[in-house]
Amino acid sequence: MANKKTFFLAALLALTSCDSGNIVEDVAENDEKGRAVKLSVKVSGMADLNEKYTLALAAFKSDDNYALTVYTIPATTEDNAPVSIVVPSLSSEVSTVELAIIDRLRQRVVSLESIDMSDYAKTTDTIRIDAGTVNVGMLDILQQHVFNVACIQCHGAGGGSGAAGLNLTEGQALQNLQDAASSRKEGRFRVVSGSASQSLLHQILAEGGEDILHYNHTEVLSSHFKNDVTAVRTFIDDWINGLKK
Ligand code: HEC
């Protein structure tokens, strides 16, 4: 196991240090042990991803939000450097292979790209995932995978300033949140830089926060993120705690 890991890491480092964009083909034979997957991606914003998190190609069993196998993309990856990862053989237990942000326990926070292995049941060729360019700074992840999917329909996407005067669309969210006074709770702030626990954003999304506002935001988050909701909450808290006034 340790040997395998070292091998993949070495292969990965070798690949990422080459900035020609060429991808090494057929790193491993695709034998009867399982199907091979190859990911190509350009990453930016790695320096703004909190060190508790990793961008990885991760294999998951169905209904399990802890990854079975993880191939880490190094935190030192420079902006726009092409990265290529080859997983030579996936076990048949794997149901999805995802480019995901995971935490230190290998728990999924959000999935940036996902393939369902059952769609490839008859494939014997290497399965290729081209994830294009992904931006993994904390705020970019939040914008694209939380605000854009679960919030902006009420907070700004329809034009105007959004519910409670809070606009969470791209380019607006930060100034609308960071150290901005609540329009609903006198004397409180939507986000207090460096302190998740004092931030209204944290409070309304946390368990027990259902009745703080006239709209149940805890439910918004859990209905979108299901099993991943705890990890998503923690990710939001880590973003807030990392903000400087
Ligand atoms: C279905 C509509 C809807 C969705 C979806 C929604 N909100 Fe809201 N939000 C509201 C409403 C309505 C209020 C004002 C509630 C009140 O007046 O008590 C509000 C208020 C807020 C406030 C308090 C603003 C202030 O100034 O006090 C925050 C923070 C907030 N929402 C964040 C979010 C986030 C983050 C998401 C996505 C995870 C989200 N909302 C999704 C409708 C929504």
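Residues numbered from 1 in each chain as written. Predicted model: local features only at pLDDT ≥ 70, side-chain atom pairs only at ≥ 80, totals over all residues.

**Re the overall build of the protein chain**
Thought 1: When you go through the protein chain residue by residue, the secondary structure sums to six helices and seven strands.
Thought 2: In the protein chain, the succession of helices and strands from N to C terminus is α-β-β-β-β-β-β-β-α-α-α-α-α.
Thought 3: Here the protein chain holds 245 residues, and 31% of them are scored as buried.
Thought 4: Residue pairs at least 24 apart in sequence account for 59% of intrachain contacts in the protein chain once pairs closer than 6 positions are excluded. (Helix = DSSP H or I, 4+ residues; strand = E, 2+ residues; numbered from the N terminus. Buried ≥ 20, exposed ≤ 12 C-beta atoms within 10 Å, placed from the backbone. Contact = placed C-beta atoms within 7 Å.)

**Points about the nonpolar core**
Thought 1: With 56 residues, the main nonpolar core has Leu57, Ile101 and Val232 as its most contacted residues.
Thought 2: When residues are assigned to domains, this core turns out to be shared by domain 1 (2–135) and domain 2 (139–241), each giving three or more. (Core = buried A, V, L, I, M, F, W, Y, C linked by C-beta atoms within 7 Å. Domains from an automatic or database assignment.)

**Observations concerning the packing of helix α2 (residues 138–151) against helix α6 (residues 229–241)**
Thought 1: Where α2 meets α6, the axes come as close as 10 Å, and the angle between the chain directions of the two elements is 140°. On the basis of their axis angle, the class for α2 and α6 is oblique. α2 and α6 meet at a crossing whose hand is left-handed. Residues Met138, Leu139, Leu142 and Val146 of α2 pack against Val232, Ile236 and Trp239 of α6. (Axes fitted to C-alpha atoms, helices over the stretch in contact; angles between N-to-C directions. Parallel < 35°, antiparallel > 145°, perpendicular 65-115°, else oblique. Left-handed = near helix turned anticlockwise from the far one by under 90°.)

**Some words on α6**
Thought 1: End to end, α6 covers 18 Å across 13 residues, agreeing with the expected 18 Å (1.5 Å per residue, within 8%).
Thought 2: Summarising the contacts, the buried residues of α6 are in contact with β6 (108–116), α2, α4 (200–205) and α5 (217–225). (Expected span 1.5 Å × (residues − 1).)

**Focus on unusual backbone geometry**
Thought 1: For Asp179, which is not a glycine, the phi torsion comes out positive at approximately 50°.
Thought 2: Position of Asp179 among the secondary structure elements: in the loop between α3 (173–177) and α4.
Thought 3: We note that Lys226 has phi near 45°; this positive angle belongs to a residue other than glycine.
Thought 4: Along the polypeptide, Lys226 turns up in the loop between α5 and α6.

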